[in-house]
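# Reading the structure
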Amino acid sequence: MRARVSLGRAIGPLSVEFLLILSSVLFLTVFGVVMIFSATTVESIAATGSPFNDGIGHLVYAAVGIPLMLIVSRLPVAWLRRLAWPGLVIGLVLQLLVFTPLGFEFGGNRNWLDLGAVTVQPSEFLKLALALWMALVLYRKRDRLDSFWQVAIPLLPVALLAMGTVLAGEDLGTVMIMALIVLGAMFFAGVRLRMLLPLILGGVLAVGFVALTSTNRLTRIMSVLDQDCLDDYLGTCYQPLHAMWGLAGGGLLGLGLGNSKEKYNWLPAAADDYIFAIVGEELGLLGCVVVLALFAVLAVGTFRIVRRTDDLFARVAAGGIGVWIIGQALVNIGVVLRIFPALGVPLPFLSAGGSSLIAVLLASGILLSLARTLPDGARPVGAVPAPLRRKIVR
């Protein structure tokens, strides 16, 4: 009897949220692998003589990350809570290692580890660890969320420590995403707006101060506001202009997969932070709409978990991860569209980079695990069925 009950639960119907998240994540990952193969052919030939070298590398990361996602999706919520503190400590230790001889600078940021066979960007995993840890602490303080100091300690000191280790490596873009995770987690936990507003204002002032005290960052900000950007074509406007030209050159249906002109060393970081420009150039407006639609499906699945669960840990974890992935996607696309200055944040699932891909796939596994805790029907978790309500009334 026990075996039958266990098996029935294992093969039982999956929730709508689970199916929405799983399908969108798999489609986005496959889409990303295809686009990386296309966007990196020129650089791969120049570096190795093979057009598929970089694409195969990204495919390997996807082949590792998807099974890890499915394994994490089977973890009970109790295990996710147990992993929160160790995950944060490990994430902080790895981030601090970038300031040792193992660390190196790339793209103006010292946020990378050279482990011989692979390079790792610890801040990507630190974002996931921070989201999970925030959910655990807010869950434990669920009866004291109306007190500022109960919420602030230890949330703010630890969050500032995590963001400080990343900012020390000059990666302001990642710090901004981490701040978004912190604010999103507190919002979905039900922290009052009067307590969030000072934090938001303080965060805006801090980001403004850091940006204005850096000549490089200030120049990038001013380039977005420059209406005559062509006058500085070979300067800070070079990359944003080529991104816009790539998007515009694709038209409605695009030039065809593999036919990008910008990837011929015209657009820097074509396969990384500016992969959305290559999508627009090769697949046109239609391809961009498909990418946005897939992220919209992922957002719907994620925030349905937030709406339906009565477990504060699940709500905060899903909300924090959702704000991270969807928010980062919108920021990246905004950079490509020249709405925001270049911030160096990748497009989740699509940009080249094993650390980013595996981190968001692990985060997706957590979302799937949380989706498994939801009922199969439309009734929210914890809602009292109609027959039982009638009995209670009687």
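One structure accompanies this document, and this report is about it. Residue numbers restart at each chain and count upward from 1, following the sequence in its written direction. Local features in this predicted model are restricted to residues whose pLDDT is 70 or higher, and side-chain atom pairs enter the listing and the counts only when it is 80 or higher, whereas totals over whole chains, interfaces and linings include all residues. Calculation of side-chain values draws on the structure's entire complement of heavy atoms; hydrogens and water are dropped beforehand.

### Looking at the overall build of the chain
A run of H or I in DSSP becomes a helix once it reaches four residues, and a run of E becomes a strand once it reaches two; helices and strands are each numbered from the N terminus. Helix and strand content of the chain: 15 helices and 3 strands. Every radius of gyration here is taken over C-alpha atoms, with the globule rule written as 2.2 Å times N^0.38, N being the number of residues. Computed over its C-alpha atoms, the radius of gyration of the chain comes to 22 Å, within 12% of the 21 Å expected for a compact globule of 394 residues. When its C-alpha atoms are laid out on the principal axes, the chain stretches across 80 × 45 × 40 Å. Sequence separation of 24 or more characterises 71% of the internal contacts of the chain that already satisfy a separation of 6 or more. Working note: accessible area of the chain is about 18,600 Å², and carbon and sulfur atoms make up 70% of it. This count recognises Lys and Arg as positive and Asp and Glu as negative, with His and chain-terminal groups excluded. Lys charges are placed at NZ, Arg charges at CZ, Asp charges at CG and Glu charges at CD. Counting 29 positive and 22 negative side-chain charges, the chain places the centres of these two groups 23 Å from one another. For this analysis, residues touch if any pair of their heavy atoms sits within 4.5 Å. Here, Shrake-Rupley sampling with a 1.4 Å probe gives the accessible areas, and only protein chains in the shown set may cover a residue.

### A look at the environment of Glu 43
The residue Glu 43 is located in helix H3 (residues 41-48) in this model. Along the sequence, Glu 43 and Tyr 264 sit 221 residues apart, while their C-alpha atoms lie 7.9 Å from each other.

### With respect to a nonpolar patch on the surface
Patch membership is restricted to residues that have no salt bridge and whose relative accessible area is over 30%. Joining uses 9 Å for like charges and 5 Å for the nonpolar side chains Val, Leu, Ile, Met, Phe, Trp and Tyr. By definition here, a salt bridge exists when the distance from a side-chain nitrogen of Lys or Arg to a carboxyl oxygen of Asp or Glu is within 4 Å. A contiguous nonpolar patch, built from Phe 52, Ile 56, Val 60, Val 64, Leu 68 and Ile 71 and spanning about 520 Å² of accessible area, is present on the exposed surface. Mapped onto the secondary structure, Val 64 falls in helix H4 (residues 53-72). The buried label applies to any residue whose accessible area, calculated with a 1.4 Å probe on protein chains only, is under 20% of its type's maximum; exposed applies above 50%, and partly exposed to all values in between. The partly exposed category is assigned to Val 64, whose relative accessible area is 40%.

### A word on the sheet that holds strand E3 (residues 119-120)
Whether two strands pair depends on DSSP finding at least two bridges between them. Here we have 3 strands laid out as an open sheet, ordered E1-E2-E3, and antiparallel in their pairing. In the strand order of this sheet, the two ends are held by strand E1 (103-106) and E3, each with one partner.

### A closer look at the pairing of E1
Across 3 bridges, the pairing between E1 and strand E2 (residues 109-114) is antiparallel. Opposite Phe 104, over in E2, you have Trp 112 as the bridge partner. Hairpin connection, E1 to E2: the antiparallel pair is bridged by 2 residues, and Gly 107 has positive phi, about 65°.

### Some details on the side chain of Asn 111
Within the fold, Asn 111 resides in strand E2. In the analysis that follows, any N or O atom pair within 3.5 Å is treated as a polar contact, provided that within protein one partner can donate a hydrogen and the other can accept it, and provided that, for residues neighboring in sequence, both atoms belong to side chains. A polar atom in the side chain of Asn 111 sits 2.5 Å from the side chain of Gln 95. Every residue in contact with Asn 111, bar those within four places of it in the chain, is listed here: Gln 95, Val 98, Phe 104, Val 120, Gln 121, Pro 122, Thr 165, Val 166, Gly 169 and Asp 171.

### Points about helix H5 (residues 77-96)
What a helix is expected to span follows from its residue count: subtract one and scale by 1.5 Å. When the terminal C-alpha atoms of H5 are compared, their 29 Å separation across 20 residues agrees well with the 28 Å that a helix rising 1.5 Å per residue should span. For H5, the complete set of buried residues consists of Val 77, Leu 80, Ala 84, Leu 88, Gly 91, Leu 92 and Gln 95. Where H5 is buried, its residues contact E2, helix H6 (122-140), helix H7 (148-167), helix H13 (312-336) and helix H14 (354-371).

### What to know about the pattern of salt bridges
Considering all chains together, one arrives at 6 salt bridges under this definition. Glu 17 serves as the salt-bridge partner of Arg 308, at 2.9 Å between the closest nitrogen and oxygen. Here Arg 308 is found in helix H12 (residues 275-308), whereas its partner Glu 17 is found in helix H2 (residues 16-39), with 291 residues between them in sequence. Residue classification places Glu 17 among the buried residues on the basis of a relative accessible area of 0%.

### Observations concerning the packing of H4 against H14
Angular values range over 0 to 180 degrees, each being the angle between N-to-C directions of two axes fitted as lines to C-alpha atoms, with helices fitted over their stretch in contact. Between H4 and H14, the shortest axis-to-axis distance is 8 Å and the interhelical angle comes to 20°. In this view, H4 runs roughly parallel relative to H14, as classed from their interaxial angle. Note on packing geometry: the crossing formed by H4 with H14 is right-handed. In contact with His 58, Tyr 61, Ala 62, Val 64, Gly 65, Ile 66, Leu 68, Met 69 and Val 72 of H4, H14 contributes Gly 354, Leu 357, Ile 358, Leu 361, Leu 362, Ser 364, Gly 365, Ile 366, Leu 368 and Ser 369. The classification used treats Ala, Val, Leu, Ile, Met, Phe, Trp, Tyr, Cys and Pro as nonpolar, Asp, Glu, Lys and Arg as charged, and all other residues, Gly among them, as polar. Grouping the amino acids of the contact of H4 with H14 by side-chain chemistry returns 13 nonpolar, 6 polar and no charged. Each angle gets one of four labels, with under 35 degrees taken as roughly parallel, over 145 as roughly antiparallel, 65 to 115 as roughly perpendicular, and the rest as oblique. A crossing counts as left-handed when the near helix is turned anticlockwise from the far one by less than a right angle, and as right-handed when that turn is clockwise.

### Details of the side chain of Lys 263
Looking at the element boundaries, Lys 263 is found in the loop between helix H11 (238-250) and H12. Separated by 3.3 Å, the side chains of Lys 263 and Thr 41 make a polar contact. Setting aside anything within four residues of it in sequence, one finds Lys 263 in contact with Ser 38, Ala 39, Thr 41, Val 42, Gly 258, Ile 278 and Glu 282.

### Looking at H6
Compared with an ideal rise of 1.5 Å per residue, which puts 19 residues at 27 Å, H6 spans 27 Å between its outermost C-alpha atoms and is within 8% of the ideal. The buried fraction of H6 amounts to 17 of the 19 residues, a majority that puts the element mostly inside the structure.

Interpretation in functional terms is not warranted from these geometric data alone.
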